[in-house]
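Geometric and topological summary
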Amino acid sequence: MLEIKDLHKRFGDTLALDGVSLSAAPGEVVGFVGANGAGKTTTMRIAMGVLAADSGQIVYDGAPLGVEQRRRFGYMPSERGLYPKMKTGEQVAYFGELHGMSKTEARRSAGELLEQLNLTDRAGDFVQDLSLGNQQRVQLAVSLVHDPEVLILDEPFSGLDPIAVDVMGAALRDRAAAGAPVIFSSHQLDLIERLCDSVSIIGNGKIIAAGGVEELKAKEVKQLRVSVETDEDLTGRLPGTVTRDGDDYLVEDSPDDQEVLRIAAAAGRITRFAYDQPTIAEIFREAVTR
Amino acid sequence: MTAQRNQARHDETSRMRGLMLVAGREIRVRGLSKSNVISLIVTVLIVGVLAALPSLFGGDDGDEKIGLAGPTAAAMQTQLDAMGGFDVTVFDSAGEAEQAVEDETVEAAVADGSLYSRDGVGNETEAKIDAAWQAASVQTNLASAGLSDQEIAGALTVQPLEWVTLESEGGVTGPLDYFTGLIISVIMFMMLMTPVQYIAMGVVEEKSSRIVEILLTSLKPWQLLGGKVIGLGVISLVNLIAMVAVGLGVSAATGMLSDLPPGTASAAVSTIGWWLIAFALFGTLAGGVGSLVSRQEESGSVLTPLIMSLTLSYLGAIFLLNAPTSTFAEVLSIVPPFSGIAMPTRMAIADVPAWQIGLSGVLLALAAAGALALGSQLYKRSVLYTGSRMKISEALRRSA
Ligand SMILES: Nc1ncnc2c1ncn2[C@@H]1O[C@H](COP(=O)(O)OP(=O)(O)O)[C@@H](O)[C@H]1O
Ligand SMILES: [Mg+2]
């Protein structure tokens, strides 16, 4: 279990983090969402020990996170970086060693990853000679080479081609299935919706909404969508605030949904009767404007 | 308790491992790069050829062929043989001797108080012949004044001067010569200048490629900086050792090794010691100031003060060679960072009191420790900062 607790961080006059807390259980994929400048990168950098917090702490399995444990984490910074003049295979293995693997372990793991990422025949090339898409894959290999216990990825999907997005998505789910807590930030809310178990939304350095994806959606539910095959106009007859969305009736603040069902059923064949669930995008917009 | 101690030991080994991994990468990527290997091969070839040159052009055994004739011939021959370096032929007459010079069978001839040569002789040869002439003439004059050979020998026997150096204590090697000092200063300069620039370039490369952010998740800034300094230090040392080995090897093979001034070996060892300290000083500073900029184009501007002081140290050392006993030489060889190059240079050419060597070493080591602290603080505080060039004061104000 990785817990980020009450982080505060100030850069000169900007208060970047104002009490950010966030946690990921083993096997849980947490989406970290927020507008540009909200504080995602700063939070992740502090979690990875690259930046020091003014206050707050990072707790791993119940104790403050140590340097040795952190070396077993996998990190992808938002600003990608590789040694341009180092061979791909050598570079991935080097990072394995930096994260505590033996030389042979690191080589083997690097070879396997490059194989998975279809880069085996580029292993002897300098990174600078690879296409941008392939460099992104190498970056992914660098963050996964040491079989990390925890993944913290800052916008891992940005700049990826659709195939790489799938590879990355599968890699995240794989790691989570193996029991690793995974936290990643993204602006692609459809991806968050598809991949995450829970979401934390940050705005201006504060967490403004957090919870399981299903739970959040359920909490935000307000409107009932009803489709009835009828020529009658039910707008005035259904209890609650009724609006039309095409042929559908949208009923908000209804005092009694069973009453809505009865009236609709009497009018004609009901083809749809369900509460609308907001998308993560809508929840995000809602949370940010609140 | 034991667990804690084990943990501490474990942390210690992993800290060292991190440092060595960084150093190892520098050595592999930079030391074994095509350009470095090629430049090393070229340098080694040049050194080999330079070392072989004297025996290629020096001709036979280098003895000067001299012809002698006339009444002083016998005395002259005794004197010249005693000096060594001459291949003497005695001719029956001055005419024959002159003819031999003409025919190039001898370089020069001394007969009837004249020195015959085709177009003059070298300074050293002239001085020796002159000295031999003086001594031979004194001997001849004494003999004609009626002294016996024994009396003459007694009169001419001179006890060589005994050297007493008042301020010198044990362990100090005697003076070598100007040339050794020159070589030491040139090598020191090159061995500092090149790696220092590579360190700064490497730091900027990691910053500009943004890789430093992932590196810092598994390494501490001091490991990253220290590993780089060690790695480039090792590369420089290997380059130097290759050059020295080839130079000495070729000299040994061509039989010139015995011509090297005595004390060359100990000078080489102590020079490496001075280099290690000076390199720690300049190397860590280069890493520190390199981290102030984010783009390779800007690294020149922050390196300028370092390059300037290195160049000044070098020029100072060259100047010192011409005035090794001046106050300027003493001060320059004690004050860091100039002492890094100046002291080993001065030690090669002059007798340096032990206390000055000690003081200079301590001051340079202190400066290196200060540079280590300053360089790593600068590095730690500015390595993650991207944007325009940072001022040193600004970097030191930032929290890490
Ligand atoms: N090194 C820094 N120096 C000064 N301000 C910074 C620095 N890093 C981040 N900030 C500021 O902190 C705030 C949060 O930034 P960041 O964590 O990068 O947001 P996000 O990743 O969500 O876009 C922003 O206002 C940003 O300008
Ligand atoms: Mg960001």
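Residues numbered from 1 in each chain as written. Chains lettered and ligands numbered in written order. Predicted model: local features only at pLDDT ≥ 70, side-chain atom pairs only at ≥ 80, totals over all residues. Heavy atoms only, no water.

For chain B, an unreviewed UniProt entry supplies the name ABC-2 type transport system permease protein and the organism Glycomyces harbinensis. Recorded in UniProt under Subcellular location (unreviewed entry), the annotation for chain B is "Cell membrane". (UniProt positions renumbered as here; feature names shortened; annotations may be inferred.)

The name given to chain A in an unreviewed UniProt entry is ABC-2 type transport system ATP-binding protein, with Glycomyces harbinensis as the source organism. Taken verbatim from the UniProt record of chain A, the Sequence similarities (unreviewed entry) comment is "Belongs to the ABC transporter superfamily."

Right, let's talk about the overall build of chain A for a bit. What chain A contains, in helices and strands, is 10 helices and 14 strands. Computed over the C-alpha atoms, the radius of gyration of chain A is 24 Å, more than 25% above the 19 Å expected from 2.2 N^0.38 for a compact globule of 290 residues. Taking the principal axes of the C-alpha coordinates as reference, chain A spans close to 75 × 45 × 30 Å. Counting all 290 residues of chain A, 50% fall into the buried class. Pairs at least 24 apart in sequence give 67% of the contacts found in chain A among residues at least 6 apart. Carbon and sulfur atoms form 47% of the exposed surface of chain A, whose accessible area is close to 13100 Å². (Helix = DSSP H or I, 4+ residues; strand = E, 2+ residues; numbered from the N terminus. Rg over C-alpha atoms; globule rule 2.2 N^0.38 Å. Buried < 20%, exposed > 50% of the residue type's maximum accessible area, 1.4 Å probe, protein only. Contact = heavy atoms within 4.5 Å. Areas by Shrake-Rupley, 256 points an atom, 1.4 Å probe, with all protein chains shown as cover.)

On to the site of ligand 1, then. Residues and elements named next belong to chain A. Neighbouring ligand 1 are Phe 11, Ala 16, Ala 35, Asn 36, Gly 37, Ala 38, Gly 39, Lys 40, Thr 41 and Thr 42. Separating an oxygen atom of ligand 1 from a side-chain N or O atom of Thr 42 is a distance of 2.5 Å. For ligand 1, whose free accessible area comes to 560 Å², the fraction covered by protein is 64%. The element contributing the most residues to the shell around ligand 1 is helix α1 (residues 40–47), with three residues. Classifying every residue of the shell around ligand 1 gives four nonpolar, five polar and one charged. (Near = heavy atom within 4 Å. Polar contact = N/O pair within 3.5 Å; in protein donor to acceptor, adjacent residues only side chain to side chain. Nonpolar A, V, L, I, M, F, W, Y, C, P; charged D, E, K, R; others polar.)

This part is about the interface of chain A and chain B. Between chain A and chain B, the residue contacts involve 31 residues of the former and 24 residues of the latter. Together, the buried faces of chain A and chain B total about 2500 Å²; carbon and sulfur atoms form 57% of this surface. By the criterion of area lost to chain B, the three top residues of chain A are Tyr83(A), Tyr94(A) and Leu98(A), representing 23% of everything that side buries. If you look at where chain A meets chain B, you find four salt bridges. Among the ionic pairs, Glu213(B) bridges to Arg45(A), the shortest N-O distance being 2.9 Å. Across the contact surface, chain A and chain B share seven residue pairs in polar contact (both at pLDDT 80 or more). For the side of chain A that touches chain B, the secondary-structure elements that each account for two or more residues are α2 (67–70), α3 (88–98) and α5 (132–144) of chain A. (Buried area = accessible area lost by both parts, 1.4 Å probe. Salt bridge = Lys/Arg side-chain N within 4 Å of Asp/Glu carboxyl O.)

All names here are of chain A. Overall, mixed pairing links the six strands, which are arranged β6-β7-β8-β3-β9-β10 in an open sheet. Only two strands of the sheet have a single neighbouring strand rather than two, namely β6 (73–76) and β10 (206–212). Adjacent strand axes in the sheet meet at a mean angle of 15° when their direction is disregarded. Two elements, β6 and strand β7 (residues 150–154), share four bridges in a ladder whose sense is parallel. The residue bridging Gly 74 from the neighbouring strand is Leu 151, located in β7. Of the strands in this sheet, β6 and β7 touch α5, which is tilted by about 155° from β6. Where helix α6 (residues 162–177) meets the sheet, its contacts fall on β3 (29–34), β6, β7 and β8 (182–185), and the angle it forms with β8 comes to roughly 150°. (Pairing = 2+ DSSP bridges. Axes fitted to C-alpha atoms, helices over the stretch in contact; angles between N-to-C directions.)

Take the side chain of Glu97(A) next. Relative to the helices and strands, Glu97(A) resides in helix α3. Once you skip the residues sitting within four places of it in the chain, Glu97(A) turns out to touch Ser102(A), Lys103(A), Ala106(A), Arg17(B) and Leu21(B).

It is worth spelling out the domain arrangement of chain A at this point. Residues and elements named next belong to chain A. Structurally, chain A comprises domain 1 (2–213) and domain 2 (220–289). The C-alpha centroid of domain 2 is placed 41 Å from the C-alpha centroid of domain 1. Of the residues lining the interface, 11 residues belong to domain 1; the matching set on domain 2 comes to seven residues. Buried area between domain 1 and domain 2, both sides added, is near 690 Å², and the carbon and sulfur share of it is 86%. Looking at the side of domain 1 facing domain 2, the largest losses of area belong to Leu 189, Glu 193 and Ile 201, adding up to 55% of the total buried there. Between domain 1 and domain 2 we count zero salt bridges in total. Elements supplying a minimum of two residues to the side of domain 1 that touches domain 2: β3, α7 (189–195), β9 (198–203) and β10. For the side of domain 1 that touches domain 2, the element with the highest residue contribution is α7, accounting for three residues. Grouping the constituent residues of the side of domain 1 that touches domain 2 by class yields nine nonpolar, one polar and one charged. (Domains from an automatic or database assignment.)

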